[in-house]
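# Secondary and tertiary structure notes
Residues per chain, in single letters:
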Amino acid sequence: MSKVEEFLTAEEEQEIVLAILQAEKNTSGEIRVHIEAHTELDYLDRAKEVFHILKMDNTKEDNGVLIYIAVNDRNFAIYGDKGIDKVVPKGFWESTRDAIQKAFKEGHFKQGIIDGVLTAGKELESHFPWQHGDMNELSDEISKG
């Protein structure tokens, strides 16, 4: 079993998916989590690349958020599309990163991801509230590379 497969149990993955569903319930925004073993790229650059691969840059309101994790590297990045990035308060991405990082340092990987997902969801909801007819544009499942 690879480190990616060992990073979270199936039950933990399901709890994260439920957190994504909860976070997206009242917003048109989209949240994804991507886990892979390693990258040679800068983590934010790789997150942008994965964001594009997952077609997260095709959302109607440019309001997707990706939490990218490189397990073997013990590092991660958060990337928000231009629609959400231009409306979040100054320091939002950094404070969200810090909350995830704190949980990760304590070995609470599932909780760190859930905290990041729910924080992003609250921010998305305040700027991109759900409107009648909004559809879930992207999968809520965790992607792996």
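Note that residues are indexed from 1 along each chain, following the sequence as it is written. The predicted nature of this model means local features are confined to residues of pLDDT at least 70 and side-chain atom pairs, given and counted, to a pLDDT of 80 or more, with totals for whole chains, interfaces and linings taken over all residues. Derived side-chain values reflect all non-hydrogen atoms in the structure, with water molecules and hydrogen atoms excluded from consideration.

## Looking at the pattern of salt bridges
To keep it simple, the criterion reads: Each reported salt bridge corresponds to a side-chain nitrogen of Lys or Arg within 4 Å of a carboxyl oxygen of Asp or Glu. Numbering of helices and strands runs from the N terminus, with a helix taken as a DSSP run of H or I at least four residues long and a strand as a DSSP run of E at least two residues long. Each residue's exposure class comes from its accessible area (1.4 Å probe, protein chains only) as a fraction of the maximum for that residue type: buried when under 20%, exposed when over 50%, partly exposed otherwise.
Summed over all chains, the structure comprises seven salt bridges. The salt bridge partner of R46 is E36, with a shortest N-O separation of 2.7 Å. With R46 in helix α3 (residues 43–53) and E36 in strand β1 (residues 30–36), this pair connects stretches of sequence that are 10 residues apart. On the basis of relative accessible area, R46 is assigned to the buried category, the value being 14%. Between D98 and R97 there is a salt bridge, with the nearest N and O atoms lying 3.0 Å from each other. If you follow the salt bridges from partner to partner, you end up with E5, E13 and K144 in one network.

## Some thoughts on the pairing of β1
The line we're drawing: Two strands qualify as a pair provided DSSP detects at least 2 bridges between them. Crossovers are marked right-handed if the path from the first strand over the helix to the second runs clockwise, as seen with the strands pointing away from the viewer.
Most of β1 sits out of view: seven of its seven residues are buried. Residues E30, R32, H34 and E36 line one face of β1 and the alternating positions I31, V33 and I35 line the opposite face, and both faces are buried. Summarising the sheet, β1 and strand β2 (residues 64–70) pair through seven bridges and their orientation is parallel. Counterpart to E30 in the pairing with β2 is G64. Handedness of the β-α-β unit built from β1, α3 and β2 comes out right-handed. One ladder, built from two bridges, connects β1 with strand β4 (residues 143–144); its direction is parallel.

## Focus on the side chain of T39
The test is simple: What qualifies as a polar contact is a pair of N or O atoms within 3.5 Å, subject to a donor-acceptor requirement within protein and to the restriction that residues adjacent in sequence count only when both atoms come from side chains. A contact between two residues is defined here by any heavy atoms of the two lying within 4.5 Å.
Within the fold, T39 resides in the loop between β1 and α3. A relative accessible area of 9% places T39 in the buried class. Looking at T39, its side chain comes within polar contact range of the main-chain nitrogen of L41, at 3.1 Å. If sequence neighbours within four positions are ignored, T39 has contacts with R46, Y68 and D73.

## Some points on the sheet that holds β2
Let me state the cut-off plainly: The convention used is that axes are lines fitted to C-alpha atoms, helices contributing only their stretch in contact, and that angles between N-to-C directions extend from 0 to 180 degrees.
The four strands are arranged β3-β2-β1-β4 in an open sheet whose pairing can be described as mixed. In this open sheet, the two strands that pair with only one neighbour each are β3 (75–80) and β4. Docked against the sheet, helix α5 (residues 92–105) engages β2 and β3, running at close to 150° with respect to β3. Sheet strands in contact with helix α6 (residues 109–127) are β1 and β2, and its direction is about 155° off that of β1.

## Re the packing of aromatic side chains
Counted only if it meets this: By convention, a stacked pair of Phe, Tyr or Trp rings (six-membered ring in the case of Trp) has centres within 6.5 Å and planes under 30 degrees apart, an edge-to-face pair has planes over 60 apart, and any other such pair is tilted.
Counting across every chain of the model gives six aromatic pairs. Between the aromatic rings of F7 and F104, the centroid separation amounts to 6.4 Å while the plane-to-plane angle is 80°, which identifies the pairing as edge-to-face. Taken as a pair, F7 in helix α1 (residues 3–7) and F104 in helix α5 lie far apart in primary sequence, 97 residues in all. For F7, a relative accessible area of 13% translates into the label buried. When the ring of F92 is compared with that of W93, the centres are 5.0 Å apart and the planes differ by 70°; the resulting orientation is edge-to-face. For W93, a relative accessible area of 16% gives the class buried. One aromatic cluster is present, formed by F7, F76, F104 and F109 through successive ring pairs.

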